[in-house]
Amino acid sequence: MLLLEESHVSIHSWPEHQFAAVDIFSCRPFDAKKIQELLMESFSSDKVVIKQIERGEAISIISPDLI
């Protein structure tokens, strides 16, 4: 886990399955395509799946009355 001033990055890995899940939480916008390229290079992978959720979006899906 890498803690940043306003964000964090965590990597959960299962080497026996050649799989890693990378979570990036950021208070600021970032270029997901650049992150995809970096991850592919860093993990020597030809496949990266990105699921991007805007902050607060998940809360409105789970319980609209929380917003």
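Just so we're clear, the structure is a prediction, and the values are computed from it rather than from any experiment. (Residues numbered from 1 in each chain as written. Predicted model: local features only at pLDDT ≥ 70, side-chain atom pairs only at ≥ 80, totals over all residues. Heavy atoms only, no water.)

A. Structural view of the overall build of the protein chain. In terms of helices and strands, the protein chain carries 2 helices and 3 strands. Start at the N end of the protein chain and walk to the C end: the helices and strands fall as β-β-β-α-α. Summarising the internal contacts of the protein chain: among those between residues at least 6 apart in sequence, 8% fall at separations of at least 24. (Helix = DSSP H or I, 4+ residues; strand = E, 2+ residues; numbered from the N terminus. Contact = heavy atoms within 4.5 Å.)

B. Broad picture of the pairing of strand 2 (residues 8-14). Note: strand 2 against strand 3 (residues 19-25), 7 bridges, orientation antiparallel. Residue pairing across strands places Val9 opposite Ile24, the latter belonging to strand 3. With antiparallel pairing between neighbouring strands as the criterion, strand 2 and strand 3 make up a hairpin whose turn holds 4 residues, including Gln18 at a positive phi of roughly 50°. (Pairing = 2+ DSSP bridges.)

C. The side chain of Gln36, seen in detail. When you line up the elements, Gln36 lands in helix 1 (residues 32-42). For Gln36, a relative accessible area of 17% corresponds to the buried category. Setting aside residues no more than four positions away along its own chain, Gln36 makes contact with Val48 and Ile50. (Buried < 20%, exposed > 50% of the residue type's maximum accessible area, 1.4 Å probe, protein only.)

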